[in-house]
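So you can see what is in the structure, the chains are spelled out below.
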Amino acid sequence: MTRFLSYLMAFAVAATTAQSACYADYKAKQNDPLRLHYGVIELNGACAVAEAAPEIQTRIAVDGWTVLTVLTVFDGSQLEQRKESAGEFFLRY
């Protein structure tokens, strides 16, 4: 029984660890004058493209931006490779 509990606890720890941070990359625009940007954002909600757009829109709207598209969602292992492309919009919101 003790061995079973040990396995169960190890599984629980692994499952918790697997729920790492989730990020999305997106494209947005601003009008008058037209401006475009590519950004990377950490998501607080579901880690799914379809559900990321409303969260991103709410957060970037404070500066007058509108989401055009959510490209992908990904974990932290792919974060650094997007830093240069996102520039000032890397984890800004």
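Rules used throughout
Residues numbered from 1 in each chain as written. Predicted model: local features only at pLDDT ≥ 70, side-chain atom pairs only at ≥ 80, totals over all residues. Heavy atoms only, no water. Phe/Tyr/Trp six-rings, centres within 6.5 Å; stacked < 30°, edge-to-face > 60°. Helix = DSSP H or I, 4+ residues; strand = E, 2+ residues; numbered from the N terminus. Buried < 20%, exposed > 50% of the residue type's maximum accessible area, 1.4 Å probe, protein only. Lys NZ or Arg CZ within 6 Å of the ring centre and 35° of its normal.

Asker: Could you clarify how one ought to interpret the packing of aromatic side chains in this entry?
Answerer: For any pair of aromatic rings, the description rests on two quantities: the centre-to-centre distance and the angle between the ring planes. Taken as a whole and assessed by the stated rule, the structure comprises two aromatic pairs. Consider the rings of Y23 and F74, whose centres lie 6.0 Å apart with planes at 25°: the pair is stacked. Of the two residues, Y23 sits in strand β1 (residues 22–30) while F74 sits in strand β3 (residues 66–75), which places them 51 residues apart along the sequence. Across the pair, F74 and Y23 agree in class, each one buried. For the pair W65 and F89, a centre-to-centre distance of 5.5 Å together with 80° between the ring planes defines the contact as edge-to-face. With W65 in the loop between α2 (49–60) and β3 and F89 in the segment after α3 (83–86), this pair connects stretches of sequence that are 24 residues apart. Judged by relative accessible area, W65 falls into the buried class, the value being 4%. For the cation-ring pair, R82 lies above F74, with the distance from its terminal atom to the ring centre recorded as 3.8 Å.

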